[in-house]
Amino acid sequence: MTTSATSAPSTLPFVIEGQGSATEHIGRDSATIHDQLTAHGAVLMRGFDVGGAEGFEGCVRALSGEPLTYTEQSTPRSRIKGNVYTSTEYPQHAEIPLHNEMSYQAVWPLVLFFHCVEPPHTQGATPLSSTRKVYELVDPAVREEFERRRWMVVRNYGEDVGIRWWTAFNTEDRSEVERLCRDGGVEPQWMEDNGLRTRAVRDVVHPHAVTGEPVWFNHIVLFHESSLDPAVREGLVEIYGQDGLPNNTYYGDGAPIPDDVVDHLRQCYRQAATRFDYERDDLLIVDNMAVAHGREPFTGPRKIAVAMSEPSNSK
Ligand SMILES: [Fe+2]
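Residues numbered from 1 in each chain as written. Predicted model: local features only at pLDDT ≥ 70, side-chain atom pairs only at ≥ 80, totals over all residues. Heavy atoms only, no water.

Caption draft 1: Seen up close, the nonpolar core. Counting 80 residues, the largest nonpolar core has Met45, Phe146, Trp216, Leu284 and Ile285 as its most contacted members. Split by domain, the residues of this core number at least three in each of domain 1 (14-93 + 101-122 + 276-314) and domain 2 (133-267). If sequence neighbours within four positions are ignored, leucine 284 has contacts with Pro13, Ala42, Val43, Leu44, Leu112, Phe113, Phe114, Thr126, Leu128, Phe276 and Tyr278. (Core = buried A, V, L, I, M, F, W, Y, C linked by side-chain atoms within 4.5 Å. Buried < 20%, exposed > 50% of the residue type's maximum accessible area, 1.4 Å probe, protein only. Domains from an automatic or database assignment. Contact = heavy atoms within 4.5 Å.)

In C-alpha cells, the structure reads:
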C-alpha cells in the first residue's frame, strides 16, 4: 500500500525544562502551554516538582479545569485519588497499540495527563503518533472506504469476559445504562447470564477540536481482534465467537475488517511514532485528538498516574 509525504510537526513532544512547582509554572503560563499543545500535540514538562497525586490534580486544574471521571471503561485501572488513575494495568510484557483515549465514545477527553511517579527499568515509554500524520499515511483507497462505510465498535460486558457492565457504566440500574447508551449513540443488547453487548457506529476521521484539521481518530486497531495475542484470539473466538469478544471492530455496516487492512493502519501509527524514556516526575500533557499514545512493554516497577480533562462536548 502506498504512503504519502506528511506535514506534521517534528517536535513531539515539545519539551519544557525547568524547576520548582509544576502547578505554579502551569498557573503562570497556561495560555502559552495551551498554544504549545496545539502547535505540537504534546508537551513534556521535565525537572519540575509535581507534588504527588494532589499536585498532579492541581496541574490538571491549572491547565484545563476539573479532571474527568473514567466512564464506559475498557481496561482495568485503579483510582489513586479523586480522578487520578493508574495507567492501564496490563501485563508488562505486552505492548498497548497506539490509540486515542475513548475514541469509541460520543464524548472524549481533549487533554490527557501522564505523571511518571516511578520510571521503569527498561522501555515502558508512552510512544506518541500525530493523528494528522497517520491520516496522511493511510492509503487513500483504505481511507475513502472507511470514510464512506465508517466503523463499528462491538463490546461485550459479562461475568467471565471483559469488564462487567455495572463497573463500566458505574451503575447497577439497567434503565440508567440504557439511558447512557441512548445519549452516547450506543445500541445496547442485554444478553444471557447478566451480560451486555453494545454496538456503536462512528466516524474514522474527525475535525480537530481547535484547528479543524482532519485527524485519524478511532479505535479500529486497538479493539480489533488481530491486536490480541494470536493464541488468546483463537481461544476467545472459539469460546465466545467473534461477536462475543470483549471488544471488536467492523466496518460501519457490520462487515469484518480484514487483518491486512488493520495491519496497514498499525504500520501507519508505527511509522508516525516518536518515543522518549520517562524520568521520575515527568509530566506529559497530550492533545488527545492530535496525538495517539500507546505503551511499550517494560521491566521494573513503572508507575504512571493518568488524568483526563476537557470533554469534547464542552467546546
Ligand atoms: Fe490510553
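Caption draft 2: Fine view of the packing of aromatic side chains. Applying the stated rule across the entire model yields 8 aromatic pairs. Ring plane angle 40 degrees and centroid distance 5.0 Å describe the contact between tyrosine 104 and phenylalanine 223, whose orientation is recorded as tilted. Of this pair, tyrosine 104 sits in the loop between β5 (96-99) and β6 (109-118) while phenylalanine 223 sits in helix α7 (residues 220-223), placing them 119 residues apart in sequence. Residue phenylalanine 223 is classed as buried on the basis of its relative accessible area, which comes to 5%. The structure contains a cluster of three or more aromatic residues connected by ring pairs, namely Phe146, Trp216 and Tyr251. Of note, arginine 174 hangs over the ring of tryptophan 190, and the distance from its end group to the ring centre comes to 4.2 Å. Seen from the ring of phenylalanine 298, arginine 302 lies directly overhead, with NZ or CZ sitting 5.5 Å from the centre. (Phe/Tyr/Trp six-rings, centres within 6.5 Å; stacked < 30°, edge-to-face > 60°. Helix = DSSP H or I, 4+ residues; strand = E, 2+ residues; numbered from the N terminus. Lys NZ or Arg CZ within 6 Å of the ring centre and 35° of its normal.)

Caption draft 3: Region of interest: the coordination of the iron ion. Taken together, the protein donors to the iron ion comprise His99 (NE2), Glu101 (OE) and His293 (NE2), at separations of 2.1 to 2.2 Å. Mapped onto the sequence, the donors of the iron ion take the spacing H-x1-E-x191-H. Each of the two residues, histidine 99 as well as glutamate 101, counts as buried. (Donors = N, O, S within 2.8 Å, 3.2 Å for Na, K, Ca; no water.)

Caption draft 4: Structural detail: the sheet that holds strand β9 (residues 151-157). Strands sit in the order β10-β11-β9-β14 across an open sheet of 4 strands; the sheet is antiparallel. Each end of this open sheet is capped by a strand with a single partner; those strands are β10 (187-191) and β14 (247-251). Strand after strand, the sheet turns through a mean of 20 degrees between neighbouring axes, direction not considered. Strand direction decides the pairing type here: β9 and β14, joined by 5 bridges, are antiparallel. Across the sheet, the residue bridging to methionine 152 is tyrosine 250, located in β14. Against the sheet, helix α6 (residues 174-183) makes contact with β10 and β11 (195-202), and its axis sits at roughly 150 degrees relative to β10, the strand it touches most. (Pairing = 2+ DSSP bridges. Axes fitted to C-alpha atoms, helices over the stretch in contact; angles between N-to-C directions.)

Caption draft 5: Just the domain arrangement of the protein, in detail. Under the domain assignment used here, the protein contains domain 1 (14-93 + 101-122 + 276-314) and domain 2 (133-267). One C-alpha centre belongs to domain 1, the other to domain 2, and the line joining them spans 24 Å. A combined buried area of about 1700 Å² lies between domain 1 and domain 2, and 62% of that area is made up of carbon and sulfur atoms. Counting across the domain 1 and domain 2 interface gives 0 salt bridges. (Buried area = accessible area lost by both parts, 1.4 Å probe. Salt bridge = Lys/Arg side-chain N within 4 Å of Asp/Glu carboxyl O.)

Caption draft 6: Representation of the sheet that holds β5. Overall, antiparallel pairing links the 4 strands, which are arranged β5-β17-β8-β15 in an open sheet. Only two strands of the sheet have a single partner each, and these edge strands are β5 and β15 (273-274). Relative to strand β17 (residues 291-295), β5 is paired through 2 bridges, and the arrangement is antiparallel. Bridge assignment links isoleucine 96 to a residue of β17, and that residue is arginine 295.

Caption draft 7: Seen up close, the environment of proline 119. Within the secondary structure, proline 119 is located in the loop between β6 and β7 (122-123). Owing to a relative accessible area of 16%, proline 119 belongs among the buried residues under this scheme. Sequence separation between proline 119 and aspartate 229 is 110 residues, and the spatial gap between their C-alpha atoms is 26 Å. Dropping the residues within four chain positions of it, proline 119 is found in contact with Tyr278, Glu279, Arg280, Pro301 and Arg302.

Caption draft 8: Just the pairing of strand β16 (residues 283-287), in detail. Most of β16 sits inside the fold, with 5 of its 5 residues counted as buried. Covered by surrounding structure in β16 are Leu283, Ile285 and Asp287 together with Leu284 and Val286, the residues of both alternating faces. As paired elements, β6 and β16 share 5 bridges and run antiparallel to each other. Residue pairing across strands places leucine 112 opposite valine 286, the latter belonging to β16.

Caption draft 9: Structural view of the pattern of salt bridges. Within the structure shown, the criterion is met by 18 salt bridges. Aspartate 263 serves as the salt-bridge partner of arginine 266, at 2.9 Å between the closest nitrogen and oxygen. Of the two residues, arginine 266 and aspartate 263 both sit in helix α9 (residues 259-272), 3 residues apart, roughly one turn of that helix.

Caption draft 10: How the structure looks around the environment of valine 210. Within the secondary structure layout, valine 210 lies in the loop between β12 (205-207) and β13 (214-216). The spacing of valine 210 and alanine 290 is 80 residues in sequence and 9.7 Å in space, taken between C-alpha atoms.

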